[in-house]
Amino acid sequence: MVGFSDDGKGIQNAGLMKEAMKNAYSLGLPIMAHCEDNSLTNNGVINDGELAKQLRVRGIPSEAEYIQLARDLMLAEITGVHYHVCHLSTKEAVQLIREAKAKGINVTSEVTPHHLLLTEKDIKEPYSMFKMNPPLRTEEDRLALIDGLLDGTIDIIATDHAPHTEKEKNHGILNSPFGVIGLETAFPVLYTHLVKRKIVTLEQLIDWFTIRPAEILDINVGRIELGSVADITVIDLINKEIVEPSSFDSKGRNTPFKGWELSGWPVLTIVDGKVKWIAERFKEGEDE
């Protein structure tokens, strides 16, 4: 066991959260939280902004995230627990965590590839492929998330991988489930749009995906060194490929990055010292 999580549903009762934090602290384990105050979500399906008005759908306001976060940060200060914030999406949340770290509160946090690269202005038909929780926000929020990564306020990148079938996502923005996949495209999309554009370094990107998560969860993975678990992914940084969901090895097809041309694709996966997967084009190159 590495920690406790509410698994995508914000804890609505402050007393319950405080008790959970006290128990987690006694066990030396973190609380990993999805911050969402249900009384403020308005049964929304996308960000409470211009697009929601245009589509005449209910929006999820930023305060639904950061108000519950503010509560939890105060409880974390009281209990001393290691509090980890999942999938940040708002500039206010980034600032709250920045201030909490400055005060010495034991808090870590994460951000997803889609929140780093997309905003509500990128949402297009089929709209359900851009429906996730928390939703895509504004350009100001997106830039604040990148700044948070660069200054250490945000500690890691996590995919928030939420696979759904095409059938499930084929019910329009109102009736389709929340969630997009991230595992297939996480590294190439960020390598192409952050590393190649010199916004971050390759070393930083690898660190946010591997070393820092392992440190936060206190597990012996994420490093290539003697005594570590041999979990290794080989990346092709040169060749470009178009994101085509139908070619994914996983069954999930619900990606907002369909049609993007990306570099930095995985070509070989080693798990516990054993080769588990090789890209078809890599096999062909090996045969030659």
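Residues numbered from 1 in each chain as written. Predicted model: local features only at pLDDT ≥ 70, side-chain atom pairs only at ≥ 80, totals over all residues. Heavy atoms only, no water.

**Student:** Can you walk me through the overall build of the chain in this structure?
**Tutor:** Looking only at helices and strands, one finds 11 helices and 10 strands in the chain. Relative to the 2.2 N^0.38 estimate, which gives 19 Å for 288 residues, the radius of gyration of the chain is 19 Å and therefore close to what a compact globule would have. Projecting the C-alpha coordinates of the chain onto the three principal axes gives extents of approximately 65 × 50 × 35 Å. Relative to its 288 residues, the chain shows a buried fraction of 47%. Put simply, 68% of the contacts in the chain that link residues at least 6 apart link residues at least 24 apart. (Helix = DSSP H or I, 4+ residues; strand = E, 2+ residues; numbered from the N terminus. Rg over C-alpha atoms; globule rule 2.2 N^0.38 Å. Buried < 20%, exposed > 50% of the residue type's maximum accessible area, 1.4 Å probe, protein only. Contact = heavy atoms within 4.5 Å.)

**Student:** I would appreciate a short explanation of the packing of aromatic side chains in the present structure.
**Tutor:** Working definition: an aromatic ring pair is given by the centre-to-centre distance plus the angle between the planes. Tallied over the full model, the rule gives 3 aromatic pairs. Each ring, one from phenylalanine 187 and one from tyrosine 191, has its centre 6.1 Å from the other, and the planes form 10 degrees; the classification is stacked. Remark: tyrosine 191 and phenylalanine 187 occur in helix H8 (residues 186-195); sequence separation between them is 4 residues, near one turn of the helix. Residue classification places phenylalanine 187 among the buried residues on the basis of a relative accessible area of 13%. With a centroid separation of 6.2 Å and 40 degrees between ring planes, the pair formed by phenylalanine 187 and phenylalanine 209 is classed as tilted. With a gap of 22 residues between them, phenylalanine 187 in helix H8 and phenylalanine 209 in helix H9 (residues 202-209) connect regions that are remote in the sequence. Residue phenylalanine 209 is classed as partly exposed on the basis of its relative accessible area, which comes to 22%. Taken together, the aromatic side chains of Phe187, Tyr191 and Phe209 make up a single cluster linked through ring pairs. (Phe/Tyr/Trp six-rings, centres within 6.5 Å; stacked < 30°, edge-to-face > 60°.)

**Student:** Any chance you could explain the pairing of strand E6 (residues 107-111) here in plain terms?
**Tutor:** Side chains on a regular strand alternate between the two faces of the sheet. In terms of residue burial, E6 counts as a mostly covered element, since 5 of its 5 residues are buried. Residues Val107, Ser109 and Val111 point to one face of E6 and Thr108 and Glu110 to the other, with burial holding for every one of them. Pairing geometry for strand E5 (residues 83-85) and E6, over 3 bridges, is parallel. Bridge assignment links tyrosine 83 to a residue of E6, and that residue is valine 107. Pairing between E6 and strand E7 (residues 156-157): 2 bridges, direction parallel. Paired with glutamate 110 across the strands is isoleucine 156, a residue of E7. (Pairing = 2+ DSSP bridges.)

**Student:** Explain H8 to me, please; I cannot follow it from the model alone.
**Tutor:** Side chains of residues three or four places apart in an α-helix project in the same direction, reflecting 3.6 residues per turn. Here H8 lies mainly inside the structure; 10 of its 10 residues are buried. Ala186, Phe187, Pro188, Val189, Leu190, Tyr191, Thr192, His193, Leu194 and Val195 are the residues of H8 that are buried. Buried residues along H8 sit against helix H5 (113-117), helix H6 (139-150), E7, H9, strand E8 (232-242) and strand E9 (261-271).

**Student:** Please clarify how the sheet that holds E7 should be interpreted in this entry.
**Tutor:** Two pairing modes exist for strands in a sheet, parallel and antiparallel, and in both the strands are linked by backbone hydrogen bonds. If you trace the 5 strands from one edge of the open sheet to the other, you get E1-E2-E5-E6-E7, paired in parallel fashion. Only two strands of the sheet have a single neighbouring strand rather than two, namely strand E1 (4-5) and E7. Here helix H1 (residues 14-27) sits on the sheet in contact with E1, strand E2 (31-33) and E5, set at roughly 140 degrees to E2. (Axes fitted to C-alpha atoms, helices over the stretch in contact; angles between N-to-C directions.)

**Student:** Hey, could you run me through the pattern of salt bridges in this one?
**Tutor:** Opposite charge on two side chains allows them to pair when their charged atoms are near. Across all of its chains, the model carries 11 salt bridges by this definition. A salt bridge links aspartate 72 to arginine 71, with the nearest nitrogen and oxygen atoms 2.8 Å apart. The class of aspartate 72 is buried, set by a relative accessible area of 0%. Connected via shared salt-bridge partners are Lys101, Asp155, Arg212, Glu215 and Arg223. (Salt bridge = Lys/Arg side-chain N within 4 Å of Asp/Glu carboxyl O.)

**Student:** Would you explain the sheet that holds E9 in this entry?
**Tutor:** Across the sheet, which stays open at both edges, the 3 strands sit in the order E8-E9-E10 with antiparallel pairing between neighbours. Every other strand in the sheet has two partners, leaving E8 and strand E10 (274-278) as the edge strands with one partner each. Sheet twist, expressed as the mean angle between neighbouring strand axes with direction ignored, is 30 degrees. As paired strands, E8 and E9 are joined by 8 bridges and run antiparallel to one another.

**Student:** Would you mind showing me how to read the side chain of aspartate 37 here?
**Tutor:** Inspection of the secondary structure assignment puts aspartate 37 in the loop between E2 and strand E3 (46-47). Buried charge without a salt bridge: aspartate 37, with arginine 71 as the nearest opposite-charge side chain at an N-O distance of 6.6 Å. Here the side chain of aspartate 37 touches serine 39 through a polar contact of 2.5 Å, side chain to side chain. The contacts of aspartate 37, once residues within four sequence positions are left out, are Gln12, Ala64, Ile67 and Gln68. (Lys, Arg positive; Asp, Glu negative; His and termini not counted. Polar contact = N/O pair within 3.5 Å; in protein donor to acceptor, adjacent residues only side chain to side chain.)

**Student:** Is there a simple way to think about unusual backbone geometry in this case?
**Tutor:** Excluding glycine, residues mostly carry a negative phi; peptide bonds, for their part, are mostly trans. The omega torsion of the bond from glutamate 125 to proline 126 falls at -5 degrees, within 30 degrees of zero and hence cis. Looking at where proline 126 falls in the secondary structure, it is placed in the loop between H5 and H6. Phi is positive for asparagine 43, close to 55 degrees, though the residue is something other than glycine. Position of asparagine 43 among the secondary structure elements: in the loop between E2 and E3.

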